[in-house]
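Chain and residue survey
As a plain string of letters, each chain reads:
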Amino acid sequence: MTGTGMSGTGPGEIAPDGSAVEFYAAMPFDERSAALVHGALAPGTAILELGAGTGRVTAPLLALGHPVTAVDDSPEMLAHIQGATTVHSAIQDLDLPDRFGCVLMMSYLVNYGDREALLRACRRHAAPDGLVILQRETLEWEEGSPRDWSHDGIDFRVTQVEPRGPGAVAATIEYRMGGRRWTHSFTSRRLDDDQLPAALEAAGLRFDRFLDDTGGWVAARPA
Ligand SMILES: C[S@@+](CC[C@H](N)C(=O)[O-])C[C@H]1O[C@@H](n2cnc3c(N)ncnc32)[C@H](O)[C@@H]1O
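Residues numbered from 1 in each chain as written. Predicted model: local features only at pLDDT ≥ 70, side-chain atom pairs only at ≥ 80, totals over all residues. Heavy atoms only, no water.

1. Some remarks on the sheet that holds strand β7 (residues 147-151)
Pairing between the strands of a sheet is mediated by backbone hydrogen bonds and can be parallel or antiparallel. Judged by pairing direction, the sheet is antiparallel, and its five strands sit side by side in the order β1-β10-β9-β8-β7 without closing on themselves. Because the sheet does not close on itself, it has two edges, and the strands there are β1 (7-9) and β7. Averaged over all pairs of adjacent strands, the angle between their axes in this sheet comes to 20 degrees, without regard to strand direction. Here eight bridges tie strand β8 (residues 154-163) to strand β9 (residues 168-177), and the two strands are oriented antiparallel to one another. Across the sheet, the residue bridging to Gln-160 is Thr-172, located in β9. (Pairing = 2+ DSSP bridges. Helix = DSSP H or I, 4+ residues; strand = E, 2+ residues; numbered from the N terminus. Axes fitted to C-alpha atoms, helices over the stretch in contact; angles between N-to-C directions.)

Here is the structure:
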């Protein structure tokens, strides 16, 4: 993703989008996100997971009975995944012959990359009655003093936020875990409620519903 404002530093392999492989491999499984996705689907629905990383959500989705095809453009990330079909590809270039009952693109990828190309890849791989589930950023990025928070033994710190035009910021987050330190820099572009229908429509999708109270989880269907 050279030239897209995505980069990362720290020990181990760094994925093209700046995500640190060792950091994601050391984080606990994301059971909560998996439960939320599972709750929106019929039992056993096959899931295409875009940007699966080391499988933090893949593993609990498999345990909940969903066959998962996990896509990522970092082979080092995918090497950590067990029990799913893995596909090494950029999401926007993905052209699988299969159609899925669920296409899942979380981790705010809809805020970071080429939005239309990413959403078109979601649409391309959704079955006619399938559900596309997106996780979008709801955080209000603010310039000014650094912000810190901690969970699961990880210390997070936003070290830089700079405006990059209307609704966009360049940000850097620092992660510290067990004496190791990584940074991840990215540009985040807002996808507000009023922009959502048009963004989905441009990719051949229509808004279906929000899956949570914050509006961070969006369900869409082929138009
Ligand atoms: C922030 S990590 C999150 C991984 C996983 N969803 C999780 O929650 O642990 C984002 C992942 O998406 C992958 N990724 C980002 N943009 C991508 C793209 N355009 N095509 C394929 N993979 C991408 C990165 O390589 C990385 O593994």
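Still more to cover.
2. A closer look at the nonpolar core
Counting 44 residues, the largest nonpolar core has Phe-23, Leu-50 and Met-105 as the members making the most contacts within it. Top element by residues in this core is β9. It accounts for five residues. In this view, Phe-23 contacts Ile-154, Phe-156, Tyr-175, Met-177 and Trp-182; residues no more than four positions away in its chain are not counted. Counting 21 residues, the second largest nonpolar core, distinct from the first, contains Val-37, Leu-61, Ile-133 and Leu-211. (Core = buried A, V, L, I, M, F, W, Y, C linked by side-chain atoms within 4.5 Å. Buried < 20%, exposed > 50% of the residue type's maximum accessible area, 1.4 Å probe, protein only. Contact = heavy atoms within 4.5 Å.)

3. Observations concerning helix α6 (residues 115-124)
Of the positions making up α6, those classed as buried are Arg-115, Leu-118, Leu-119, Ala-121 and Cys-122. The arc that holds the buried residues of α6, viewed along the axis, is 150 degrees, so those residues lie on one side. (Arc of directions from axis to C-beta.)

4. Focus: the sheet that holds strand β11 (residues 205-210)
If you walk across this open sheet you meet the seven strands as β4-β3-β2-β5-β6-β12-β11, and the pairing is mixed. Of all the strands in the sheet, just β4 (85-88) and β11 have a single pairing partner and so form its edges. Strand-to-strand twist of the sheet, defined as the mean angle between neighbouring strand axes without regard to direction, takes the value 20 degrees. Strand direction decides the pairing type here: strand β2 (residues 47-50) and strand β5 (residues 100-105), joined by four bridges, are parallel. Bridge pairing in β5 links Leu-48 to Val-103. In this fold helix α2 (residues 31-39) packs onto β2, β5, β6 (126-135) and β12 (217-222), with an angle of close to 35 degrees to the strand it touches most, β12. Relative to β6, α6 is tilted by about 145 degrees, and along the sheet it contacts β2, β5, β6, β11 and β12.

5. A closer look at unusual backbone geometry
Even without being a glycine, Ser-107 presents a positive backbone phi close to 60 degrees. Located in the positive-phi region is Asp-152, a residue other than glycine, with phi close to 50 degrees.

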